[in-house]
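Overview (structure and organization)
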Amino acid sequence: MITQMLLRALDKKASWLIAIILIVAIAIPACNLLIPPGQFGHVPGYAVTLFGKYLCYAVLALALDLVWGYVGILSLGHAAFFALGGYAMGMYLMRQIGSRGVYANPVLPDFMVFLNWKELPWYWLGFDMWWFAFPMVMLVPGVLAFVFGWFAFRSRVTGVYLSIITQAMTFALLLAFFRNDFGFGGNNGLTDFKDILGFSVQAASTRAALFALSALLLALSVFVCSMIVNSKLGKVMVAIRDGESRTRFLGWRPENVKLFAFTVSAVLAGLAGALYVPQVGIINPGEFAPENSIEAVIWVAVGGRGTIVGPIIGALLVNAGKSYFTGALPEYWLFALGGLFVFVTLFLPKGIVGLVGNFRSRKTKPTVVPPPLAAKVEPAE
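Residues numbered from 1 in each chain as written. Predicted model: local features only at pLDDT ≥ 70, side-chain atom pairs only at ≥ 80, totals over all residues. Heavy atoms only, no water.

What to know about the state of the cysteines
To keep things clear, this is the line we draw: Any two cysteine sulfur atoms lying within 2.5 Å of each other are counted as a disulfide.
Evaluated as defined, the whole model comprises zero disulfides. In this structure Cys31 is a free cysteine whose sulfur lies 20 Å from that of Cys56, the closest cysteine sulfur available. Cysteine Cys56 remains unbridged, with the sulfur of Cys225 as its closest cysteine sulfur at 15 Å.

Notes on the nonpolar core
Operational definition: Working definition of a nonpolar core: buried Ala, Val, Leu, Ile, Met, Phe, Trp, Tyr and Cys residues. They are joined through side-chain atoms within 4.5 Å. Throughout, exposure labels follow a simple rule: accessible area from a 1.4 Å probe, protein chains only, divided by the maximum for the residue type, with under 20% read as buried, over 50% as exposed, and the rest as partly exposed. Helical segments are the DSSP runs of H or I of at least four residues, strand segments are the runs of E of at least two, and each set is numbered from the N terminus. Should any heavy atoms of two residues lie within 4.5 Å, those residues are counted as being in contact.
Counting residues in hydrophobic clusters, the biggest one holds 107 residues, and the most contacted among them are Trp124, Leu190, Val222 and Phe288. For this core, the element with the most residues is helix α3 (residues 45–68), which contributes 15 residues. The residues contacting Phe288, other than those within four sequence positions of it, are Ala80, Ala83, Leu84, Tyr87, Thr170, Leu173, Leu174 and Phe177.

Observations regarding the pattern of salt bridges
Rules: Any Lys or Arg side-chain nitrogen located within 4 Å of an Asp or Glu carboxyl oxygen qualifies as a salt bridge.
Enumeration over the complete set of coordinates arrives at 10 salt bridges. With a closest N to O distance of 2.8 Å, Asp195 and Arg100 form a salt bridge. With a gap of 95 residues between them, Asp195 in strand β2 (residues 195–196) and Arg100 in the loop between α4 (78–97) and α5 (110–114) connect regions that are remote in the sequence. Among the salt bridges present, the one from Glu255 reaches Arg248, with a minimum N-O distance of 3.1 Å. For Glu255, a relative accessible area of 8% corresponds to the buried category.

Re the environment of Glu119
Counting through the fold element by element, Glu119 comes out in the loop between α5 and α6 (130–154). Once the C-alpha coordinates of Glu119 and Leu108 are considered, the two residues, 11 residues apart in sequence, prove to be 7.1 Å apart.

A look at a nonpolar patch on the surface
The condition is simple: Residues forming no salt bridge and having over 30% relative accessible area are the ones grouped into patches, like charges within 9 Å of each other and nonpolar side chains (Val, Leu, Ile, Met, Phe, Trp, Tyr) within 5 Å. Using a 1.4 Å probe, the Shrake-Rupley method yields the accessible areas, and only the shown protein chains count as cover for residues.
A contiguous nonpolar surface patch, about 570 Å² in accessible area, is contributed by Leu139, Val143, Phe146, Val147, Trp150 and Phe151. Note on placement: Phe151 falls in helix α6. The exposed category is assigned to Phe151, whose relative accessible area is 56%.

Focus on helix α12 (residues 290–303)
Just so we agree on the cut-off: Multiplying 1.5 Å by the residue count of a helix minus one yields the expected span of that helix.
Its 14 residues give α12 an end-to-end C-alpha distance of 21 Å, which sits within 8% of 20 Å, the value for a rise of 1.5 Å per residue. With 11 of 14 residues buried, α12 lies mostly within the body of the structure. Listed as buried for α12 are Pro290, Ser293, Glu295, Ala296, Val297, Ile298, Trp299, Val300, Ala301, Val302 and Gly303. Trailing α12 by a residue or two, Gly304 shows a phi angle of about 125 degrees, which is positive.

As structure tokens, this is what we get:
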């Protein structure tokens, strides 16, 4: 049974995609650590961090596509799950600083000492131990998604109303985490990280390892999502997307299927956020911003929703363009992003993957030669 499940999950496209990701997971760190600077093929340290950030965004896009592309849930709040996973990892990294902080307090993080906190809040307890902190990366966003989905889906909130509620949830978390008395660093967030599992986060080897872990997470996400969508459950998800009422009349309970997909998607987003934080070196309430969730929707739309490879392509291409435009033409980036979304909506409704698929189908479509016209018979005189 397990073998059949694996074979169904690893179809041809998923197998090739996972193979490419695993090659990248080995090649980029090797080019950074083994090839000396200045030599052909060397990947500088800043590029390793930048590419690792792109991979985390690709996992977020794939998580969003699982609920939007296959179940029809347009979530405008997935940045919340990404940020919660990041904050859980940031809390662990802050506890690892110990007495090496600015105020040399072995228990309280620097921002708590600055704000005259007398003791560590109860919800920070245990985050000095990796075996407690790492499961929290999945548990916190997963529980939030489960509770939110339990009420939303059983109330049969759908369409634009559900999208607005998810965005309201993200904005509420944004306001909460901005508060200094909330215990998460307020506007400045969590930063000044030193170690992760005893290794310096600034070391080149640690950066390469974090990149490799990000690539492995992306490969695992591809496998999990492919396993889900290629199963019987995946067919039910597509049926709910295309006709929820009809699926309900057939005896299925769409709210349970939606809840499962939404929770799995939130866990994947939380894992992406957890690997994102040690690579960028900071997590602050800005990660909850609604525009981040909207930007993730654009990644999926550009690549092609309802596919496994599409969100990954969209996330990589859009963020590569963002890195270029924000450096070369920073004042025009938002206009370019908005124009890209309008262009894709009007002219590429299936995204890049859909465009390639249409081109290939036209190219391989056999040419039908019409039969010769019957000879015209002249009437006898």
